[in-house]
Amino acid sequence: MQKKAIQIILVAALLILTAGTAFAVGFGTSMLLQRRMETAVVTPAPSSTPSPTETPFVPPTPARPEEETFQLFWEVWQIVKENYYGDLPDMQTVTYGAIRGMLETLGDEYTSFIEPDIAAILEEDASGSFQGIGAFVQMREDGKLEIVSVIEGSPAEAAGLQGGDLVVAVDGQSIVGYSLYEAIILIRGPAGTDVTLTIERPGQEGTFDVTVTRARIEIPVVEWEMRDDGIGYVHLREFSAVATDQLEEALRQILAEHPKGLILDLRDNPGGWLDQAIQVADLFLGDGVVLIERSYEGEEIFRSYDGDIAEDVPLVVLVNGGSASASEIVAGAIQARDRGILLGEQTLGKGSVQRPYRLSDGSELRVTIARWYTPDDVAIHGQGLTPDIEVPFPEDTPPGEDPQLDRAVEYLLTGE
Amino acid sequence: MEQRSDEYASRRETVWGLLVWAAVFVIFFAGGFAAHRISVRRAAEAATRPMGVFWEAWDIVEQNFYGEVPSARVRTYGAIRGFLALLDDPYTVFLEPQPGEVERDRLAGAYGGIGVDLWRDAENRVVLSPYAGSPAEAAGVRNGDFLLAVDSRPVVTATIEEIQARLHGEVGTQVLLTLSRPPTPTLPFTLTVVRQQIQVPSVSYRLLDRDPTIGYLAITSFTERTPQEVEEALRALLGDGASRLIIDLRNNGGGLIQPAVDVCDQFLDRGVILYEVRKDHRERAFRAHRGGLASDLPLVILVNGSTASASEMMAGSLRVHGRAVLVGEPTYGKGSVQLIFTLSDGSSLHVTNAVWLLPDRQPLPETGLTPDIPVAPGGGLEDVQLDRAVRYLQEGE
């Protein structure tokens, strides 16, 4: 009995040993064959000028029919590499350039590629908060970063920074000539850490340093005012992830004062998240359709429901050529369902929906995946919305004046 | 008997054992072989990692884009353009195959002419000069004949380009010329010329009839024959008494650089004509040699916006050497060489292979060379730029 057991163990051990050896020999055979093939290919054509710094790049062998077509790209790449007079960009830059060129052929300006650094910033912004100093900035033509305004209660405000200040260096490193996003990357950082900005202030000699402690900043997207004439005014800057919450809070305070009417300002609002647009529209609309979305997956109807705080107050929506995407969804639904009137100028006409895809290296691809239509099934793509009352905003309007806002107030007070 | 059966059984067991053993070996050998192959493929894929992001984007677009996705070929062309755009060089370009083009040329048949040079003289008459061995010469056209009409249509108000267009036509067809000849310029006669395929020389020349001390030499492009043609022209002009020269490089779009260098050499005795800088800053200097036919003759070079590449380098180089004054309009501004490759699918690729530097080691300005004496072309039939060049040579300003 015991003998038999030993025999079985021995046989099993022999088989395992055999299997292992066979596997190793198989693996080794393939390796040897491979090596012999490589030497056969490589040795006859040694590089005449061996340069140790340059890693030879072998274009991939096509694994599918499309890559077969794409071999032409490698043909070009090889020729340029061997013959082009100037320097070639690195492979990552080449990849990004190729992606952009490929997207170009789609003929859709909204399908776009965003490099990792910028994608990170945009994603942070769209979340509604970020870690930094709390200032709105823009890049001037002379390559200096200008602080446009500081967010109320932010570290930037506490440190005494003001609109008009120019940031010329960050932590001693000059940022003159940097791109907007390169500068922002340096200024942002984890909450609690310090950053020293070298500031040039118009009207003052020389520069001075300001040290700011970074914090988590909630980006304010809503500004509101209860006017003396009894009209409530609320301005939505963009449809970030916190748009509905901030807007609802503002509306709560305005409505508590029983306004005669409400002005929702969507001028120069470039849009944002689709779900925020639907929720914002829902704040003003009862049961019904907000928009119809058509994609390859079919048709989807997004609805609004009864029971929100601003479904009855008389409403004017201010729009202009900078009102795009999510702004047009909200304005379009309000107009199509006769919930209020649009006043101002023709909107941009971006009736498509993009979905962001994160690629493996952190870059982002925004792809148009659907078109949307107003509740009465009108496509606004390329057309835009025409206001019920068209009021231009002349270039030479004196600062502080707003003919569109004035007209909206007049309409709400007089009914025409 | 029993023992035998035992033996038989044990032998059978051994055979079975061997078979099982062999089967196990074969199966695992194949397994090992395959495992290696797969690992090699994975590694190869990882080596092309940078473009991996490209394929991610490619797949996402294909699966999700709402709208018509162009063919893989079109998207590949787009990717190539996107790559080349990074080089920031307007002359490194990708051109899609144009199957219609060759076909069109074939159908149109060979293009012919009669082989004459023509210009307007001071009295606005159209003067002809037949190329040696041309159909025009064979039909009896002589140097200095005046052209009055082509196929009975007068040429009085036509531009030189319009007249040339009328003389051109399909090989084998006839054209009727109405001419007159100097001793009796008021006595017209006609000649019929059969159009043939013409080897157009890149150089034409004559002494100006308003001032026979000035030789006029026009170079339309730089081909392999150009240096020889220029040499013959210079010998003829100098032999006829030219003591100063106007070189017309207007509308000369360039061509080969070595002929341009050889032509420059006729006007220089020493020094560098130009530098050519290739990939990795490898540099080559083209030098002048002693014994140029016209190395001390006063020179004016006519240039315009279509004076490009090799011809711009010639104008620029002779100016840097203090050998020529440029009259006309700013030149095109292309101081680089492209190689042209035909790709496997018939598309073509132009790649900037080298840039040229003038003798003072300056590259050609992107905005082109600014003439020393700017002269706009003027709308009429007379050549005001040529007039200005003549005046400069006569009056020294």
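About the criteria used
- Residues numbered from 1 in each chain as written.
- Chains lettered and ligands numbered in written order.
- Predicted model: local features only at pLDDT ≥ 70, side-chain atom pairs only at ≥ 80, totals over all residues.
- Core = buried A, V, L, I, M, F, W, Y, C linked by C-beta atoms within 7 Å.
- Buried ≥ 20, exposed ≤ 12 C-beta atoms within 10 Å, placed from the backbone.
- Helix = DSSP H or I, 4+ residues; strand = E, 2+ residues; numbered from the N terminus.
- Domains from an automatic or database assignment.
- Contact = placed C-beta atoms within 7 Å.
- Nonpolar A, V, L, I, M, F, W, Y, C, P; charged D, E, K, R; others polar.
- Pairing = 2+ DSSP bridges.
- Axes fitted to C-alpha atoms, helices over the stretch in contact; angles between N-to-C directions.
- Parallel < 35°, antiparallel > 145°, perpendicular 65-115°, else oblique.
- Left-handed = near helix turned anticlockwise from the far one by under 90°.
- pLDDT = per-residue confidence, 0-100.
- Right-handed = clockwise from strand over helix to strand, strands pointing away.

**Q** I keep staring at the nonpolar core and nothing clicks. Help me out?
**A** Generally speaking, soluble globular proteins have nonpolar side chains that are buried together. The biggest cluster of nonpolar side chains holds 90 residues, and the ones touching the most others in it are Ala277(A), Ala281(A), Val317(A) and Val330(A). The greatest single-element share of this core, amounting to 7 residues, is contributed by helix α2 (residues 49-64) of chain B. Counting only domains with at least three residues in this core, you end up with domain 1 (65-105) and domain 3 (222-414) of chain A. Membership of the second largest hydrophobic core comes to 54 residues, among which are Leu245(B), Leu357(B), Ala389(B) and Val390(B).

**Q** Where do I start with the domain arrangement of chain A in this structure?
**A** When the parts of a complex come together, some accessible area is lost, and that lost area is often taken as the interface size. When the domains of chain A are assigned, the result is domain 1 (65-105), domain 2 (132-218) and domain 3 (222-414). The distance between the C-alpha centroids of domain 1 of chain A and domain 2 of chain A comes to 38 Å.

**Q** Would you take a moment to explain the interface of chain B and chain A for this structure?
**A** Taken together, the contact pairs 62 residues of chain B with 60 residues of chain A. Elements that contribute at least two residues to the side of chain B that touches chain A include exactly α1 (2-47), α2, α3 (72-85), β17 (336-342) and β18 (348-357) of chain B. When residues in the side of chain B that touches chain A are grouped by element, the largest group, 14 residues, is from α1(B). Residues belonging to the side of chain B that touches chain A are distributed by class as follows: 38 nonpolar, 15 polar and 9 charged.

**Q** I tried to follow the domain arrangement of chain B on my own but got confused; where do I start?
**A** Residues and elements named next belong to chain B. Along its sequence, chain B is organised into domain 1 (1-47), domain 2 (111-196) and domain 3 (201-397). Using C-alpha coordinates to define each centre, domain 2 is positioned 28 Å away from domain 3. Residue composition of the side of domain 2 that touches domain 3, grouped by class: 2 nonpolar, 3 polar and 3 charged.

**Q** Quick question: what am I supposed to make of the environment of Thr213(A) here?
**A** Residue and element names in this part refer to chain A. Secondary-structure assignment places threonine 213 in strand β8 (residues 207-213). As for threonine 213 and aspartate 194, which are separated by 19 residues in sequence, their C-alpha atoms are 4.4 Å apart. Threonine 213 has contacts with Pro155, Gly192 and Asp194, leaving out every residue within four places of it along the chain.

**Q** What exactly am I supposed to notice about unusual backbone geometry here?
**A** As a rule of thumb, non-glycine residues mostly have phi less than zero, and peptide bonds are mostly trans rather than cis. The phi dihedral of Asp268(A) falls on the positive side, at around 60°, and the residue is not glycine. Mapped onto the secondary structure, Asp268(A) falls in the loop between β12 (261-265) and α8 (274-284). A positive phi angle, near 70°, is found at Asn124(B), a position not held by glycine. For Asn124(B), a count of 10 C-beta atoms within 10 Å translates into the label exposed.

**Q** So what exactly am I meant to see when it comes to the sheet that holds strand β11 (residues 211-219) of chain B here?
**A** Either a parallel or an antiparallel arrangement is found when strands of a sheet pair, and the pairing is made through backbone hydrogen bonds. Residues and elements named next belong to chain B. With mixed pairing, the 6 strands of this open sheet are ordered in space as β10-β11-β12-β15-β16-β19. Looking along the sheet, the strands with just one partner apiece sit at the ends: β10 (203-208) and β19 (373-374). Note that β10 and β11 share 6 bridges and pair antiparallel. Across the sheet, leucine 207 pairs through a bridge with glycine 215, a residue of β11. Strands β15 (299-303) and β16 (324-328) of the sheet are contacted by helix α9 (residues 310-320), whose axis makes an angle of about 135° with β16.

**Q** Would you mind going over the packing of helix α3 (residues 91-104) of chain A against α3(B) with me for this structure?
**A** Helices that pack against each other are described as a pair by the angle of their axes relative to one another and the distance between those axes. Contact pair α3(A) / α3(B): the axes reach a minimum separation of 6 Å and the direction vectors enclose 135°. The angle between α3(A) and α3(B) falls in the class oblique. Along this stretch, α3(A) crosses α3(B), giving a crossing that reads as right-handed. Contacts between α3(A) and α3(B) involve Val94(A), Gly97(A), Ala98(A), Ile99(A), Arg100(A), Gly101(A), Met102(A) and Glu104(A) from the first element and Arg75(B), Gly78(B), Ala79(B), Ile80(B), Arg81(B), Gly82(B), Phe83(B) and Ala85(B) from the second. Looking at the contact of α3(A) with α3(B), its residues break down into 8 nonpolar, 4 polar and 4 charged.

**Q** How should the confidence of the model for chain A be read in this particular structure?
**A** Across chain A, the average pLDDT comes to 88, with 92% of residues at or above 70. Predicted confidence for residues 37-56 of chain A stays below pLDDT 50, and this span has 0 contacts to residues more than four positions away or in other chains.

**Q** Looking at this structure, how should I read the pairing of strand β5 (residues 146-150) of chain B?
**A** Residues in a regular strand point their side chains to alternate faces of the sheet. Residues and elements named next belong to chain B. In this structure, strand β4 (residues 126-130) lies alongside β5, joined through 2 bridges in antiparallel fashion. By the bridge assignment, valine 126 is partnered in β5 with leucine 147. Pairing of β5 with strand β8 (residues 174-181) involves 4 bridges; the strand directions are antiparallel. Among the inter-strand pairings, phenylalanine 146 is bridged to a residue of β8, identified as serine 180. Where β5 folds back on strand β6 (residues 153-154), the antiparallel hairpin that results is connected by 2 residues, among which aspartate 151 adopts a positive phi of roughly 50°.

**Q** What is the right way to read the packing of helix α4 (residues 116-126) of chain A against helix α6 (residues 180-187) of chain A from this model?
**A** All names here are of chain A. It is the contact of α4 with α6, at a shortest axis distance of 10 Å, that shows an interaxial angle of 65°. Taken together, the axes of α4 and α6 lie roughly perpendicular to each other. Like other packed secondary-structure pairs, α4 and α6 cross with a definite hand, here left-handed. Contacts between α4 and α6 involve Asp117, Ile118 and Ile121 from the first element and Tyr181, Ile184 and Ile185 from the second. Broken down by class, the residue content of the contact of α4 with α6 amounts to 5 nonpolar, no polar and 1 charged.

**Q** How should the confidence of the model for chain B be read in this particular structure?
**A** Detailed conclusions should not be drawn from predicted coordinates in areas where pLDDT is low. Residues and elements named next belong to chain B. For chain B, per-residue confidence averages 87 on the pLDDT scale, and 92% of positions sit at 70 or higher. Between the elements of chain B, mean pLDDT differs from a low of 43, seen in helix α4 (residues 99-108), to a high of 97, seen in β15. Taken over the whole predicted complex, pTM reads 0.70, whereas the ipTM for its chain interfaces reads 0.74.

**Q** Is there a simple way to explain the environment of His235(A) in this structure?
**A** Residues and elements named next belong to chain A. Mapped onto the elements, histidine 235 comes out in strand β11 (residues 231-236). Residues histidine 235 and valine 317 lie 82 residues apart in sequence; the distance between their C-alpha atoms is 9.9 Å. If sequence neighbours within four positions are ignored, histidine 235 has contacts with Val222, Glu223 and Asp265.

**Q** How do you make sense of the sheet that holds β12(A) when you look at a structure like this?
**A** Residues and elements named next belong to chain A. On the basis of which strands lie adjacent, the open sheet formed by 6 strands has the order β10-β11-β12-β15-β16-β19 and mixed pairing. On the outer flanks of this sheet lie β10 (222-226) and β19 (389-390), each paired with one strand and no other. Lying over the sheet, helix α9 (residues 326-336) contacts β15 (315-319) and β16 (341-344), oriented at roughly 145° with respect to β15. Sheet contacts for helix α10 (residues 403-414): β11, β12, β15, β16 and β19; angle to β15, the most-contacted strand, approximately 165°.

**Q** How should the pairing of β12(A) be read in this particular structure?
**A** All names here are of chain A. Across the 5 residues that make up β12, a large majority, 5, are buried. Here β12 shows a buried face lined by Gly261, Ile263 and Asp265 and a second buried face lined by Leu262 and Leu264. Relative to β12, β11 is paired through 5 bridges, and the arrangement is parallel. Its bridge partner lying in β12, tyrosine 233 is registered against isoleucine 263. Handedness of the crossover joining β11 and β12 through helix α7 (residues 243-255) is recorded here as right-handed.

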